[in-house]
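As a plain string of letters, each chain reads:
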Amino acid sequence: MRDTLLFCKFDKFLIYSFTMNHKAGFVNIIGKPNCGKSTLINKLIGEKLCITTHKQQTTRNRIMGILNGDNYQIILSDTPGIIDPKYELHKFMMKYVNTSIEDADIIIFIADINYTCHRLDLIEKISKNNKKIFLVLNKMDTCDEKTINDKINKWQSILKSIDIIPISALNGKNVDLLKSKIIQNLPIHPPYFDESLFTTQSTRFMLSEIIREKIMLNYHQELPYCCQVEIYLFKEYSHNIDIQALIFVERETQKYIIIGKKGTKLKNLILLSSQDIKKALNKDINLNIHIKVNKNWRNDKLKLKKYRYI
């Protein structure tokens, strides 16, 4: 990945200057579902880059955020939660996790502090590959000090050589400490991306994620996991933006559940999505959402390729 990045915007003097004084690296965040990966990356970036819900498998793609500062650039990568795959979609989601382990300079393994030690095999495997790894115990705001210390000691007794940092991604407790530790361990390197960017994701992808977040929050059971959102029209005018979105579902019955009686649920979905999209784009928008059936798309490799999971 890094070999394909262009540095032609820098002349030789600037490359030398950055190499001597500038740090940059890939910091990839992995962990089980609902442990706070997306919340942490949003807190570090200072923008709502990743959608967040209380449901598992909210994150499907590998999403990169870019944090620039004086003489450093942190490329943060949010990944899907580690699960046992049930669909072809899940298999490709887990490939994102494996790739993020391979190409990281620093790995943050994040765990819910309230649960017992898990995936020790994965943590030990990463640590043996000469990767700098931080074990981040999230949700310390839900525990008292004694419980936090007990949890740290328990993890430390098993993983003796790994730095353990308790945080609360929700309220920001110790997030600045984690950030300083990351910067200390970044390699010397010029910036990989333009310093005006905060993500590598396209506008259309970000808007589709906003809509998918509203689906995750407002529909229940299996339905949110059967939905794929695509923005097929984005047309900007002087005063507003026209956006046309498609939601693909797997069965005809799911289509009618999203629409709801007399279209009430779909209208509410459009309203909630429009509010966040307008805020993100800082412009008036006209959003239309249509529903189509695409049978068994989660198990179809050709369809997954079309949706850019492959």
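Residues numbered from 1 in each chain as written. Predicted model: local features only at pLDDT ≥ 70, side-chain atom pairs only at ≥ 80, totals over all residues. Heavy atoms only, no water.

1. Some points on the overall build of the protein
Moving on, step 1. Per the secondary structure count, the protein includes 10 helices and 9 strands.
Moving on, step 2. Looking at the 310 residues of the protein, the share that counts as buried comes to 51%.
Moving on, step 3. A sequence separation of at least 24 residues applies to 72% of the contacts in the protein between residues at least 6 apart.
Moving on, step 4. In the structure as shown, the protein presents an accessible area of about 15900 Å², 51% of it carried by carbon and sulfur atoms. (Helix = DSSP H or I, 4+ residues; strand = E, 2+ residues; numbered from the N terminus. Buried < 20%, exposed > 50% of the residue type's maximum accessible area, 1.4 Å probe, protein only. Contact = heavy atoms within 4.5 Å. Areas by Shrake-Rupley, 256 points an atom, 1.4 Å probe, with all protein chains shown as cover.)

2. Quick look at the pairing of strand S8 (residues 240–249)
Moving on, step 1. Most of S8 is tucked away: 9 of the 10 residues are buried.
Moving on, step 2. In terms of strand pairing, strand S7 (residues 228–236) meets S8 through 8 bridges, oriented antiparallel. By the bridge assignment for S8, Lys235 is matched with Asp242.
Moving on, step 3. Hairpin geometry of S7 and S8 is characterised by an intervening segment of 3 residues between the two adjacent antiparallel strands.
Moving on, step 4. As judged from the 10 bridges shared by S8 and strand S9 (residues 284–293), these two strands associate in the parallel manner. Bridged to Ala245 within S9 is Ile289. (Pairing = 2+ DSSP bridges.)

3. A look at the packing of aromatic side chains
Moving on, step 1. The full count for this structure, using the stated rule, is 4 aromatic pairs.
Moving on, step 2. For the pair Phe248 and Tyr307, a centre-to-centre distance of 5.4 Å together with 35° between the ring planes defines the contact as tilted. You can see Phe248 sitting in strand S8 and its partner Tyr307 sitting in the segment after helix H10 (301–306), a full 59 residues away along the chain. Summarising the burial analysis for this pair, Phe248 and Tyr307 share the class buried.
Moving on, step 3. A ring pair is formed by Trp297 and Tyr309, whose centres lie 6.4 Å apart and whose planes are at 20°; its orientation type is stacked. (Phe/Tyr/Trp six-rings, centres within 6.5 Å; stacked < 30°, edge-to-face > 60°.)

4. What to know about the pairing of strand S6 (residues 163–166)
Moving on, step 1. Pairing of strand S5 (residues 132–138) with S6, which is carried by 4 bridges, proceeds in the parallel orientation. If you follow Leu135 over to S6, its bridge partner there is Ile164.

5. Overview of the packing of helix H2 (residues 37–45) against helix H6 (residues 175–185)
Moving on, step 1. Interaxial distance between H2 and H6 falls to 11 Å at its minimum, and their mutual angle equals 80°. Classified by the angle between their axes, H2 and H6 sit roughly perpendicular to one another. In contact with Leu40, Lys43 and Leu44 of H2, H6 contributes Val175, Leu178 and Lys179.
Moving on, step 2. For the contact of H2 with H6, the class distribution of residues is 4 nonpolar, no polar and 2 charged. (Axes fitted to C-alpha atoms, helices over the stretch in contact; angles between N-to-C directions. Parallel < 35°, antiparallel > 145°, perpendicular 65-115°, else oblique. Nonpolar A, V, L, I, M, F, W, Y, C, P; charged D, E, K, R; others polar.)

6. Looking at the pattern of salt bridges
If the charged atoms of two oppositely charged side chains come close together, the side chains can form a pair.
Moving on, step 1. Tallied over the entire structure, the rule returns 15 salt bridges.
Moving on, step 2. Residue Asp112 pairs with Lys139 through a salt bridge whose shortest N-O separation is 3.2 Å. With Asp112 in strand S4 (residues 106–112) and Lys139 in the loop between S5 and helix H5 (145–158), this residue pair connects regions lying 27 residues apart in the sequence.
Moving on, step 3. Under the relative-accessibility criterion, Asp112 is labelled buried at 8%.
Moving on, step 4. Across the pair Glu250 and Arg298 runs a salt bridge, and its minimum N-O distance is 3.0 Å. Of this pair, Glu250 sits in the loop between S8 and helix H8 (252–259) while Arg298 sits in the loop between S9 and H10; the two residues are 48 residues apart in sequence, bridging distant segments of the chain.
Moving on, step 5. By relative accessible area, Glu250 is classed as buried at 10%.
Moving on, step 6. For Arg298, a relative accessible area of 4% translates into the label buried. (Salt bridge = Lys/Arg side-chain N within 4 Å of Asp/Glu carboxyl O.)

7. Digging into the nonpolar core
Moving on, step 1. Core analysis: the biggest nonpolar cluster contains 33 residues, and Phe109, Ile123, Leu135, Leu137, Trp155 and Tyr309 have the highest contact counts within it.
Moving on, step 2. Those elements giving two or more residues to this core turn out to be helix H3 (88–102), S4, S5, H5 and S8.
Moving on, step 3. Broken down by element, the residue count for this core peaks at 7 residues, all from H3.
Moving on, step 4. Counting 28 residues, the second-largest nonpolar core is a separate cluster that includes Cys35, Ile41, Ile110 and Ile167. (Core = buried A, V, L, I, M, F, W, Y, C linked by side-chain atoms within 4.5 Å.)

8. Quick look at the packing of helix H7 (residues 203–218) against helix H9 (residues 264–281)
Moving on, step 1. Where H7 meets H9, the closest approach of the two axes is 9 Å, and the angle between their N-to-C directions is 140°. Judged by the angle between their axes, H7 and H9 are oblique. The chirality of how H7 crosses H9 is right-handed. Each of Thr203, Leu207, Ile210, Ile211, Glu213, Lys214, Ile215 and Asn218 in H7 lies in contact with H9, whose residues at this interface are Asn268, Leu269, Leu272, Ser273, Asp276, Ile277, Ala280 and Leu281.
Moving on, step 2. Along the lines of polarity and charge, the residues of the contact of H7 with H9 split into 9 nonpolar, 4 polar and 3 charged. (Left-handed = near helix turned anticlockwise from the far one by under 90°.)

9. Remarks on the confidence of the model for the protein
Moving on, step 1. A residue-level look at the protein finds 90% of positions with pLDDT of 70 or above and a mean pLDDT of 87.
Moving on, step 2. Confidence over residues 1–17 falls short of pLDDT 50; this stretch has 20 contacts with residues more than four positions distant or in other chains. (pLDDT = per-residue confidence, 0-100.)

10. Considerations on the environment of Met140
Moving on, step 1. Within the secondary structure layout, Met140 lies in the loop between S5 and H5.
Moving on, step 2. Relative accessible area serves as the criterion here: at 13%, Met140 is assigned to the buried category.
Moving on, step 3. Between the C-alpha atoms of Met140 and Asp112, which are 28 residues apart in sequence, the distance is 8.5 Å.
Moving on, step 4. Contacts of Met140, omitting those with residues within four sequence positions, involve Ile113, Ile148, Pro166, Ile167, Ser168, Lys173 and Asn174.

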